[in-house]
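Each chain is listed here by its residues.
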Amino acid sequence: MELSEQRYKGEDFTEVDLQDVVIEGTTFVDCDFSGATLARCQTSHASFSGCRFYDTELYSSTHVASSFVTCTFERTRFHSSKLGGCRLTGSTFTDCRLLPLTWIDCDLTLVSLAGEKLAGADLSGLRLRETNLTDANFTGCDLRGSDLSGARTIGLRLEGADLRGAQIDAATWVSAKVAGARVDVAQAVIFAAAHGLLLDHSGVDD
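Let me sum up the structure you'll find in this document. (Residues numbered from 1 in each chain as written. Predicted model: local features only at pLDDT ≥ 70, side-chain atom pairs only at ≥ 80, totals over all residues. Heavy atoms only, no water.)

Structural notes on helix H2 (residues 185–194)
Then, in step 1: The backbone nitrogen of Ala186 lies 3.3 Å from a side-chain oxygen of the residue at the head of H2, namely Asp184.
Then, in step 2: Looking at the residues trailing H2, positive phi occurs at Gly196, about 75 degrees. (Polar contact = N/O pair within 3.5 Å; in protein donor to acceptor, adjacent residues only side chain to side chain. Helix = DSSP H or I, 4+ residues; strand = E, 2+ residues; numbered from the N terminus.)

Some words on the pattern of salt bridges
Then, in step 1: Under the defined criterion, the tally for this structure stands at eleven salt bridges.
Then, in step 2: For Arg77, the salt bridge goes to Glu57, with nearest N and O atoms at 3.5 Å. Remark: Glu57 occurs in the loop between strand S7 (52–54) and strand S8 (62–64) and Arg77 occurs in the loop between strand S10 (72–74) and strand S11 (81–84); sequence separation between them is 20 residues.
Then, in step 3: Judged by its relative accessible area of 23%, Arg77 falls in the partly exposed class.
Then, in step 4: In this structure, a network of salt bridges that share partners links the residues Asp142, Arg144, Asp162 and Arg164. (Salt bridge = Lys/Arg side-chain N within 4 Å of Asp/Glu carboxyl O. Buried < 20%, exposed > 50% of the residue type's maximum accessible area, 1.4 Å probe, protein only.)

A look at the pairing of strand S13 (residues 101–104)
Then, in step 1: The side-chain alternation of S13 yields one buried face, formed by Leu101 and Trp103, and one unburied face, formed by Thr102 and Ile104.
Then, in step 2: Pairing of S11 with S13, which is carried by four bridges, proceeds in the parallel orientation. Bridged to Ser81 within S13 is Leu101. (Pairing = 2+ DSSP bridges.)

As for the sheet that holds strand S4 (residues 27–29)
Then, in step 1: One open sheet holds the four strands; their spatial order is S2-S4-S6-S9, and the pairing between them is parallel. What marks the edges here is a single partner per strand, and that holds for strand S2 (7–9) and strand S9 (67–69). With direction set aside, neighbouring strand axes in the sheet form an average angle of 5 degrees.
Then, in step 2: Bridging between strand S6 (residues 47–49) and S9 involves three bridges; their strand directions are parallel. (Axes fitted to C-alpha atoms, helices over the stretch in contact; angles between N-to-C directions.)

Focus on the side chain of Asp147
Then, in step 1: By secondary structure assignment, the location of Asp147 is in the loop between S13 and helix H1 (172–175).
Then, in step 2: Overall, the relative accessible area of 10% leaves Asp147 in the buried class.
Then, in step 3: Side-chain polar atoms of Asp147 contact the side chain of Ser149, separated by 2.6 Å.
Then, in step 4: Residues within four places of Asp147 in sequence aside, it is in contact with Leu126, Arg127, Leu128, Arg129 and Gln167. (Contact = heavy atoms within 4.5 Å.)

Considerations on the packing of aromatic side chains
Then, in step 1: With the rule as written, the count across this model stands at 17 aromatic pairs.
Then, in step 2: Geometrically, the ring pair formed by Phe48 and Phe68 is stacked, given 4.8 Å between the ring centres and 5 degrees between the ring planes. One end of the pair, Phe48, is in strand S6; the other, Phe68, is in strand S9, with 20 residues separating them in the sequence.
Then, in step 3: Both rings, one in Phe73 and one in Phe93, keep their centres 4.7 Å apart while their planes meet at 10 degrees; by these two values the pair is stacked. Linking Phe73 in strand S10 with Phe93 in strand S12 (residues 92–94), this pair joins segments that are 20 residues apart in sequence.
Then, in step 4: Overall, the relative accessible area of 1% leaves Phe93 in the buried class.
Then, in step 5: Put simply, the rings of Tyr8, Phe13, Phe28, Phe33, Phe48, Phe53, Phe68, Phe73, Phe78 and Phe93 touch in pairs and so form one group of aromatic residues. (Phe/Tyr/Trp six-rings, centres within 6.5 Å; stacked < 30°, edge-to-face > 60°.)

Quick word on unusual backbone geometry
Both trends apply: most residues other than glycine have a negative phi, and most peptide bonds are in trans.
Then, in step 1: Each neighbour pair has its own omega, and for Leu99 with Pro100 the value is -10 degrees, a cis peptide bond.
Then, in step 2: As for its position among the elements, Pro100 is in the loop between S12 and S13.
Then, in step 3: A positive phi angle, close to 55 degrees, is found at Asp30, a residue other than glycine.
Then, in step 4: At Asp135, a position not held by glycine, the phi torsion is positive, near 60 degrees.
Then, in step 5: Within the fold, Asp135 resides in the loop between S13 and H1.

Encoded structure:
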């Protein structure tokens, strides 16, 4: 089945079987995919805006240059899926199954992943600006080069994560759990300052 260059607004797709569907250049606005099956679907340059995915099957799906803006994902099975060059601005994930999940060059600005489990995921290079990561589990994640500017990180678990080159606000070094995280020198200095430590530049006397 293929959906190409179409537009749907306010359509009810609840419990619809769309397994293996190919979606290209199609727009969905305020549509409800609750209980639907989109397992192994493929989207390319598709747009989902304000759509609801409750108890939806999206596992083993592939998404290229598609957008999911201000969508709601609740109890959605997204595991074994791949997203490349996708925009998820303002979307919310709640009690979803997201691992394993491949993200490449994706924009998650203003996304809520509060309480979600992404331990060990490769999140390197992602835009995570102003995301809600409260109480999320990012232990062991690869976050090299990612942008977490303005993110809400109270209770965020970053133990053992690789944070080198990531843009991280000073507050995160206090609000998140970072034991064992791998950091670069610049981040170590910011961490020290965030904890009230004074860096001595005088050197060691002979």
